Each structure stands twice: as structure tokens, then as C-alpha cells.
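If you want the building blocks of each chain, they are given just below.
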Amino acid sequence: MCLTIPAKVIAIDNPMPDFPVAKITVEDSKGARELKSLWLPELKVGDWVLYAYDTAVRRVSEEDAREILELLEPKKHIDISRLDTGFVEVLKSHTAGTLSRDGIVRLLKTEDPVETETLFAEANTVRQAALKDFFCIHGIVEFSNHCVRECHYCGLRKGAAGVARYRMTPDEIVSTVEDAVRKRGYKLIVLQSGDDFHYTDETLVDIIRRIKKSSKVFIFMSVGERSLECYRKMKAAGASGSLFRFETSNRELYNSVHPGQSYEKRMKLLKGMKELGYYIASGFLVGLPGQTVEDIAEDILMMKEMKVNMASVGPFIPCVSTPLSAHPAGSAELSLKAIAILRLLMPKAKIPVTTALETIESEEGRRLGLSSGANSLMFNLTPERYRGEYRIYPNKYHGNAEVWEKYGLFNEELSYRMLEKKMFEAFEVAK
Ligand code: SAH
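The model shown is predicted, which means the values in this text are computed figures rather than measured ones.

A. Region of interest: the overall build of the protein. Secondary structure assignment for the protein yields 16 helices and 14 strands. For the protein, the C-alpha radius of gyration of 22 Å lies close to 22 Å, the compact-globule estimate for 431 residues. Residues counted as buried form 59% of the 431 residues belonging to the protein. Put simply, of all contacts in the protein between residues at least 6 apart along the chain, 72% involve residues at least 24 apart.

What follows is the structure, encoded as C-alpha cells:
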């Protein structure tokens, strides 16, 4: 669903009092803006409304408005007077489309807190300019933790001991999604699993068909390396997107942490998905062993070159029963910098705050992500009894969805249409 943003009404311009849609002017920390307003009887100047994109949809108390504003406002004041001019030049080069690989490395490498904050603030400004305040809330259902792969970082790898493996039945998957759409207002849901061939192509296709028949929701599949033919069939059944990270653009590094898999094969499949017309959600891990800042700069440039629609970046988190259990976690700050740079390079992309970032930083991770260029959140909808077992890494953050859901736009049609419009725009940009 779309996240609604609070603002205070400073003028109401409604020449026809009986006309259901009014024009209003609201004010928030960024100044005044004009909105369309749905029929909000007795709306007065001085009231607070929630808006999404360019439409005010609900009246709220000032107290409620302040709660969400708290979560969205960047807190730090930046003193830019002492910034290095070289840094400012690099930072601003995105406006001319000339942010280079060396420039990206410069931004990633900075350890100066003022420079870092300035990078985040610039990304936040670019997000606002490109997307207004269009934030999305998505859900993820982790339907199976069985996996045939041996990825060195992942706690669900085939050889990992001590994992209670589960599989949700197609009925369970369908009803979990239906509930999330009907009772909680979700409009975009990711179905994720390990690479689990117990589910045949036909089973996955059938699950997608059933969901699309009963619910107005976008479905993103995150089921790993299956045949391109399987992806073709899932798309034809109604899947819109594919969440499939390339994990790292460094071929040797990729091959060293994915025994039995190949970088070429994964990239070929990703390109195939794009050609099939999938909305592509892809990205990389920060903090893999031996990964350099230069590698991350390449990862970022590759996302831009591939014109991914959703850019998903998160820190590696060590997990027991994996070859990387003793390897230190990836840096949250470096992940945030990568998010911010992606926003500079891809102003209209959807950039989620990943669960891994939230796991390291908890609720603060959300706020930091959203004020550093990210514009969407992913909530866990996996049924409680399975949730703890989907342990790709330990202590996965399942923070309070409630406060965010409370401000989500529930109006079925409006929310779906807004998302559709945004996704369509993203496809246009990505062409
Ligand atoms: N089988 C699917 C889904 C994999 S899990 C596929 O291959 O695409 C989803 C993502 O979780 C992975 O792409 C990986 O980037 C991330 N992940 C796995 N283990 C992780 C860990 N220990 N720390 C952080 N992220 C991890």
C-alpha cells in the first residue's frame, strides 16, 4: 500500500461546496503545496490531513500526525560551511549525470560525519523531488525454508544444521496473502522461498493464478534460480515482479561464495526476466568477505546500467551453521551510503529499507533508510509459527508494522491505482 503523509491544511479552495473533490493547500516542513482532496466533510483550515502522492485522503488528529512525522523527519542539522569543495563537486555531479565510478568510491569512502550526513540529505532531497512523498509499504511471505543451494552466507543453505524446515501449502500461501490484502490493506506482496523445487512450476503458477483471481494485489516472486520458462509461465499467470539479487557484481567473489552456481548463469537469468517484462527488484550484499568499496561502486553502477526498478541493498549478517559464521557483519553505514548513491543515480527507483538493515539498526534503521533516499518498507507477513524458522540470518527484525500500517492508504482502488501508476512510470524510466 502507499504510505500517507500528514500535513496541515492552510487553505481550502472549493468553488462548488457539493463537489466531492476539493482543492486544498497544505503546509509541512518543506513549505506549502496544493493537493486534491477526497470528500472530507467539514474539513477546516488548521486541521491535519493525510495525503498520498497528490491526494488528501483522510483527516487525522494533530497527535497522530506528529507520530508519523517524527518517524519520517531527518533529525540531524547539517553544518555545510566547512565541507570540502572536492566533496561538494562530486556530490553535485549527479545533477549533470556525471557521477563517476571514482566519485562513487569517494562518497562511499568518506568517514567524515558531516560529509556522510550531507550525502544522506542530498539523497533525501532527490527522493522528494522525484517522488514527492510517495512511500510504499510491501509485505513478504516466506513460504518455504527448504533450499538446494549452498550459499556461504545464508542460514537456510542446504547443509545448515539445526534448521526446522517447513513448507507452506498452496492453500496456506493463498489465504495468507488474501488476509494481508483484505484485512491489512497490502497491495504488493513478495512470495519468497529458498530454491525449493518441491513446488513445481505448475504449483507456483496455480498459486499466482488463485491469488490474482481473488485479490487486487501485485505479486513479486523471489524463488531463486528456476528456468526462464518457469518465469515466463509465472508472468503469464499474473506475477508482476521478480526479487532476484545478483548479490555481487564481482564474478570471482560471486563464484567463491556460491559453490555449484555461476555468476554468468545468474546474470543471464536476471536479464531474461527483464526481457520477459518483469518489474526487476535486484541488488547486492554489503560486507561479503574480501569485497572492496570499489566492488560496491561497481554493484551500484551495474544497477543503474541494468535499470533495475527496485534497488535492494542490505548488509551481510553472519549466521551459525554457515561457512561465514565468524565473518563480521557488513556495515550499516556503508549500506546506507550505497542506498543514498543509488537514489542520486536513479531518482525514480523504488528503494526499500531492507530487513537486514533493520536487524542491525532496528526501528532507527527504518528512519535512517527513509531519510537517506529509500522510499519503501517491507513487512513480514509469514505466519507466526513459521517466522522464526526462516532464518537466513539470526535475530531477523520483525519490528512494529502497526504504526506504519496505521498510516497506510487502505482505500483499495486508490492505493492500487497509485501504485500501478508509479510502477508504470518506473517501466517508462527503465526502458
Ligand atoms: N532463493 C531466493 C531467495 C534468497 S533469500 C534467491 O536465491 O533469490 C533473499 C536474500 O537474502 C538473498 O538474495 C540474500 O541477498 C539475502 N541474504 C541471505 N543470507 C543473508 C545473510 N546472512 N545476511 C544478509 N542477507 C542475506
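Moving on, there is more to tell.
B. Structural context of the environment of lysine 406. In this fold, lysine 406 is placed in helix H15 (residues 402–406). Residues lysine 406 and serine 312 lie 94 residues apart in sequence; the distance between their C-alpha atoms is 25 Å. Ignoring anything within four residues of it in the chain, the contact list for lysine 406 reads Arg58, Asp64 and Glu67.

C. Structural context of the pairing of strand S4 (residues 31–37). Sheet analysis places strand S3 (residues 22–28) next to S4, joined by 7 bridges and oriented antiparallel. Directly across from valine 26, in S4, lies its bridge partner arginine 33. Once S3 ends, the chain turns through 2 residues before running back antiparallel as S4. Judged from the 2 bridges that link them, S4 and strand S6 (residues 55–60) form a sheet pairing that is parallel. Looking across to S6, one finds that serine 37 is bridged to alanine 56.

D. Just the site of the ligand, in detail. Lining the immediate surroundings of the ligand are 17 residues, of which Tyr153, Asp195, Arg245, Glu247 and Ile317 lie closest. Within the contact set of the ligand, a nitrogen atom lies 2.9 Å away from a backbone nitrogen or oxygen of tyrosine 153. Its free accessible area being 550 Å², the ligand has 90% of it covered by the protein chains. For the shell around the ligand, the residue count by class is 8 nonpolar, 5 polar and 4 charged.

E. Looking closely at empty space enclosed by the protein. Counting across every chain of the model gives 1 cavity of 30 Å³ or more. Estimates place the volume of the largest cavity at around 100 Å³. Lining the largest cavity are 12 residues, with Leu131, Tyr279, Lys348, Lys422 and Ala426 sitting closest to its centre. Residue contributions to the lining of the largest cavity peak at 5 residues, all from helix H16 (residues 412–430). Across the lining of the largest cavity, the residue classes break down as 7 nonpolar, 1 polar and 4 charged.

F. View of the domain arrangement of the protein. When cut into domains, the protein gives domain 1 (2–72) and domain 2 (131–426). Here the C-alpha centre of domain 2 lies 33 Å away from the C-alpha centre of domain 1. Residue-level contacts link 20 residues of domain 1 with 24 residues of domain 2. Buried surface at the junction of domain 1 and domain 2, both sides included, amounts to about 2100 Å², of which 64% is carbon and sulfur.

G. Representation of the sheet that holds strand S2 (residues 5–13) within the structure. Pairing is mixed around the closed barrel formed by 5 strands, whose spatial order is S2-S3-S4-S6-S5. Within this sheet the neighbouring strands show an average axis-to-axis angle of 55 degrees, counted without direction. Pairing geometry for S2 and strand S5 (residues 48–52), over 4 bridges, is antiparallel. Pairing of lysine 8 across the sheet is with tryptophan 48, part of S5.

H. Inspection of the side chain of aspartate 196 at higher detail. Examined against the element boundaries, aspartate 196 turns out to sit in the loop between strand S8 (188–193) and helix H6 (201–214). Given the relative accessible area of 4%, aspartate 196 is considered buried. Ignoring any residue separated from it by four or fewer positions in sequence, one finds aspartate 196 in contact with Ser144, His146, Arg167 and Arg226.

I. Broad picture of the packing of aromatic side chains. Taken as a whole and assessed by the stated rule, the structure comprises 8 aromatic pairs. Ring geometry for phenylalanine 143 versus tyrosine 199: centroids 5.0 Å apart, planes at 90 degrees, classification edge-to-face. A residue pair is termed long-range when its members are at least 10 positions apart, and phenylalanine 143 in strand S7 (residues 135–144) and tyrosine 199 in the loop between S8 and H6 qualify at 56 residues. Judged by its relative accessible area of 1%, phenylalanine 143 falls in the buried class.

J. A look at helix H10 (residues 293–306). Over its 14 residues, H10 extends 20 Å from the first C-alpha to the last, a length consistent with the 20 Å expected when each residue adds 1.5 Å. Those residues of H10 that fall on the buried side of the exposure criterion are Val293, Asp295, Ile296, Ala297, Asp299, Ile300, Met302, Met303 and Met306. Positive backbone phi, at 50 degrees, marks lysine 307, one or two positions downstream of H10.

K. Region of the structure containing the environment of glutamate 247. Mapped onto the elements, glutamate 247 comes out in the loop between strand S10 (241–243) and helix H8 (251–257). The sequence separation of glutamate 247 and leucine 3 amounts to 244 residues, and the corresponding C-alpha distance is 28 Å. Polar side-chain contacts of glutamate 247 include one of 3.5 Å to the side chain of tyrosine 153.

L. Structural context of unusual backbone geometry. We note that lysine 307 has phi near 50 degrees; this positive angle belongs to a residue other than glycine. We classify lysine 307 as partly exposed; its relative accessible area is 34%.

M. Representation of the pattern of salt bridges. Within the structure shown, the criterion is met by 37 salt bridges. Between arginine 106 and aspartate 84 there is a salt bridge, with its nearest N and O atoms 3.3 Å apart. With arginine 106 in helix H3 (residues 101–109) and aspartate 84 in the loop between helix H1 (62–72) and helix H2 (85–92), the pair connects residues that are 22 residues apart, well separated along the chain. In this structure arginine 106 comes out as partly exposed when scored by relative accessible area, which is 27%. Looking at aspartate 84, the relative accessible area reads 38%, which means it is partly exposed. Each of the salt bridges in this network shares a partner with another, and the network as a whole consists of Asp201, Glu202, Arg226 and Lys233.

Reading the values: the criteria
- Residues numbered from 1 in each chain as written.
- Predicted model: local features only at pLDDT ≥ 70, side-chain atom pairs only at ≥ 80, totals over all residues.
- Heavy atoms only, no water.
- Helix = DSSP H or I, 4+ residues; strand = E, 2+ residues; numbered from the N terminus.
- Rg over C-alpha atoms; globule rule 2.2 N^0.38 Å.
- Buried < 20%, exposed > 50% of the residue type's maximum accessible area, 1.4 Å probe, protein only.
- Contact = heavy atoms within 4.5 Å.
- Pairing = 2+ DSSP bridges.
- Near = heavy atom within 4 Å.
- Polar contact = N/O pair within 3.5 Å; in protein donor to acceptor, adjacent residues only side chain to side chain.
- Areas by Shrake-Rupley, 256 points an atom, 1.4 Å probe, with all protein chains shown as cover.
- Nonpolar A, V, L, I, M, F, W, Y, C, P; charged D, E, K, R; others polar.
- 1 Å grid on protein atoms, 1.4 Å probe; cavity = no way out; pocket = protein on both sides within 12 Å on 5 of 7 lines; lining within 4 Å.
- Points joined across faces, edges and corners; volume = space filled by probe spheres on them.
- Domains from an automatic or database assignment.
- Buried area = accessible area lost by both parts, 1.4 Å probe.
- Axes fitted to C-alpha atoms, helices over the stretch in contact; angles between N-to-C directions.
- Phe/Tyr/Trp six-rings, centres within 6.5 Å; stacked < 30°, edge-to-face > 60°.
- Expected span 1.5 Å × (residues − 1).
- Salt bridge = Lys/Arg side-chain N within 4 Å of Asp/Glu carboxyl O.

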